[in-house]
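Remarks on the overall topology
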Amino acid sequence: MQEPKIKKGATTHDIRADLAYTLDAIPNNPKALDLASRFSIKYASSPDFAKRQKPLVRSVDCYFDRAKRLTPKNPNVWSQYGVHLHRVGQYELALNNYKKAIELSPNSSEIHYFMGLTYLKMDNMSEATISARKAYELGYPLEGLKNKLKEKGVQFDEQ
């Protein structure tokens, strides 16, 4: 899947306005939350991008906070915020969000997979392996986590 370019909005010339509108109307919109996450990271890490764009209308944390308050039982919001926190290196907070997401949706292979990637990033191989086994047991299709564990010397056999 090709990542969309972060240049302008669909209905305006300002992507920020479209994101603000969408997330005001539908706070848990997964595509808009993901785009807000990627926009904020790119804005913070790319001086050229920051020169061409203004910051988001609200902080990405504000958007996720609102989505979690309005739809507290939506595991996807918690998981997506975990992905955002992982992207910015806040691994403990990412894990807390994944744990809440798993509490709400214990059979989500994707959440277990993301959690495994975060544990791996934290060099916690035993927890990464547990999460990976659960993800693959639940049918997660991508081999990335398994391959990363093997690269780290972890003997990974699906049980």
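Residues numbered from 1 in each chain as written. Predicted model: local features only at pLDDT ≥ 70, side-chain atom pairs only at ≥ 80, totals over all residues. Heavy atoms only, no water.

**Re the packing of helix H5 (residues 75-87) against helix H6 (residues 91-104)**
H6 packs onto H5 with a crossing angle of 165° between their chain directions and a minimal axis gap of 8 Å. What the angle tells us is that H5 and H6 run roughly antiparallel. Judged by the twist between their axes, the crossing of H5 over H6 is left-handed. Contact residues: H5 offers Pro75, Trp78, Ser79, Tyr81, Gly82, Val83, Leu85 and His86, while H6 offers Tyr91, Leu93, Ala94, Asn97, Tyr98, Lys100, Ala101 and Leu104. (Axes fitted to C-alpha atoms, helices over the stretch in contact; angles between N-to-C directions. Helix = DSSP H or I, 4+ residues; strand = E, 2+ residues; numbered from the N terminus. Parallel < 35°, antiparallel > 145°, perpendicular 65-115°, else oblique. Left-handed = near helix turned anticlockwise from the far one by under 90°. Contact = heavy atoms within 4.5 Å.)

**Section: the side chain of asparagine 97**
Residue position: asparagine 97 is located in helix H6. Filtering out sequence-adjacent residues up to four positions away, asparagine 97 remains in contact with Lys68, Trp78, Tyr81, Gly82 and Leu85.

**Some details on unusual backbone geometry**
If you check the backbone angles, aspartate 123 has positive phi at about 60° while not being a glycine. With respect to the secondary-structure elements, aspartate 123 resides in the loop between helix H7 (109-121) and helix H8 (125-137). We classify aspartate 123 as exposed; its relative accessible area is 52%. (Buried < 20%, exposed > 50% of the residue type's maximum accessible area, 1.4 Å probe, protein only.)

**Focus: the packing of H7 against H8**
Two elements in contact, H7 and H8, have axes separated by 8 Å at closest approach and are oriented at 160°. Comparing the axis directions of H7 and H8 gives the class roughly antiparallel. Between H7 and H8 the crossing geometry is left-handed. Here Ser109, His112, Tyr113, Met115, Gly116, Tyr119 and Leu120 of H7 lie close against H8, whose contacting residues are Met125, Glu127, Ala128, Ser131, Lys134, Ala135 and Tyr136.

**Quick notes on the pattern of salt bridges**
This model, assessed by the stated rule, comprises eight salt bridges. For arginine 58, the salt bridge identified is with aspartate 24, shortest N-O distance 2.9 Å. Placement of the pair is arginine 58 in the loop between helix H3 (47-52) and helix H4 (60-70) and aspartate 24 in helix H1 (residues 15-25), with a sequence separation of 34 residues. The partly exposed category is assigned to arginine 58, whose relative accessible area is 32%. Judged by relative accessible area, which is 34%, aspartate 24 ranks as partly exposed. Between aspartate 123 and lysine 152 there is a salt bridge, with its nearest N and O atoms 3.4 Å apart. Of this pair, aspartate 123 sits in the loop between H7 and H8 while lysine 152 sits in the segment after helix H9 (144-151), placing them 29 residues apart in sequence. One connected set of salt bridges, linked through shared partners, spans Asp34, Arg38 and Arg87. (Salt bridge = Lys/Arg side-chain N within 4 Å of Asp/Glu carboxyl O.)

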